[in-house]
Each structure stands twice: as structure tokens, then as C-alpha cells.
Amino acid sequence: MGKHQLGEFEEVVMLTVAILTDDAYGFAIIEEMEQRLNRKVSIGALQTVLRRLEKKGYLSSEMGEATAVRGGKRKRFFHLTSAGKNILQETKEQRLGLWNAVPEFVVKFSH
């Protein structure tokens, strides 16, 4: 296990950025998360996590072009970095290791 770990919300945000590939900006990330997880997400919470993940080096961002649809405002697009891809892979392996360690009878009784 690496020295860095992702929190649950950080992991969900990074996975959503990965799903959206080149179209990952604030509103699109929220919309995708709410649709897939049936979970409300505030823009403030998302922005805090996006900044934290950029500071950790797991995401990078760039400003897009201004559009008339947004009243001339520009969108900030987010991308996974190599470090971000690595931490996601580590996190996936940790989760799968835990799931694979759960005795089968425990999962069967949960239905």
C-alpha cells in the first residue's frame, strides 16, 4: 500500500473525472455523480476536493474557451495526471482485495 490514500469522496470525484475524460468540468462532474450515485453533491464540496486533488498532484486543470451560452464565462476542465491514475489503480486493488477477503457466506446472507 502506498503512503497516500484517497478518501471516499476524492475517489468518486476522480473516477467521475476519468469517466468524463475531456469533458470533466464542475457542473458536468456533479451531474454525472448525481445520476450514477443518486446522491446530491454541492458545488462547494466539489470545488474543495478538486483543489485538494490538484494540490496533491492527482488532477490537473486548464481553462476552456469562453462561450456565449455561459455568458462569456470559461469552464475549468480537469484531467487525471499519471500520479492520479496510479493512486486510482492502487485504490482499486485495495478495494478488490478487501472484497475478495469477505467470506462468501457473509455476502449471501445480506440479500
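Quick note: structure is the one above.
The following refers to the structure shown.

Cut-offs used in this document
Residues numbered from 1 in each chain as written. Predicted model: local features only at pLDDT ≥ 70, side-chain atom pairs only at ≥ 80, totals over all residues. Heavy atoms only, no water. Helix = DSSP H or I, 4+ residues; strand = E, 2+ residues; numbered from the N terminus. Buried < 20%, exposed > 50% of the residue type's maximum accessible area, 1.4 Å probe, protein only. Contact = heavy atoms within 4.5 Å. Salt bridge = Lys/Arg side-chain N within 4 Å of Asp/Glu carboxyl O. Phe/Tyr/Trp six-rings, centres within 6.5 Å; stacked < 30°, edge-to-face > 60°.

With that out of the way, let us pick up unusual backbone geometry. Here the phi dihedral of Thr-21 falls at roughly 45°; this positive angle occurs in a residue that is not glycine. Assignment of secondary structure puts Thr-21 in the loop between α1 (8–20) and α2 (26–37).

Before going further, it helps to spend a moment on the environment of Tyr-58. When you line up the elements, Tyr-58 lands in the loop between α3 (43–56) and β1 (59–66). Given a relative accessible area of 5%, Tyr-58 falls into the buried group. With 22 residues separating them along the chain, Tyr-58 and Leu-80 place their C-alpha atoms 6.1 Å apart. Setting aside anything within four residues of it in sequence, one finds Tyr-58 in contact with His-4, Leu-6, Met-14, Leu-53, His-79, Leu-80, Thr-81, Ala-83, Gly-84 and Ile-87.

Our next topic: the pattern of salt bridges. Within this structure, the stated rule accounts for five salt bridges. A salt bridge links Glu-8 to Arg-39; the shortest N-O distance between them is 3.0 Å. In this pair, Glu-8 is assigned in helix α1 and Arg-39 in the loop between α2 and α3, connecting sequence segments 31 residues apart. Glu-8 sits in the partly exposed class, given a relative accessible area of 45%. Residue classification places Arg-39 among the partly exposed positions, given a relative accessible area of 28%. Arg-36 is the salt-bridge partner of Glu-32, the closest N and O atoms lying 2.5 Å from each other. With a gap of four residues between them, Glu-32 and Arg-36 both fall in helix α2, about one helical turn apart. By relative accessible area, Arg-36 is classed as exposed at 54%.

What follows concerns the packing of aromatic side chains. Under the counting rule described, the total for this entry stands at one aromatic pair. When the centroid spacing of 5.6 Å and the interplanar angle of 70° are considered together, the rings of Tyr-25 and Phe-77 count as edge-to-face. A residue pair is termed long-range when its members are at least 10 positions apart, and Tyr-25 in the loop between α1 and α2 and Phe-77 in strand β2 (residues 74–80) qualify at 52 residues. Each member of the pair, Tyr-25 as well as Phe-77, carries the same accessibility label: buried.

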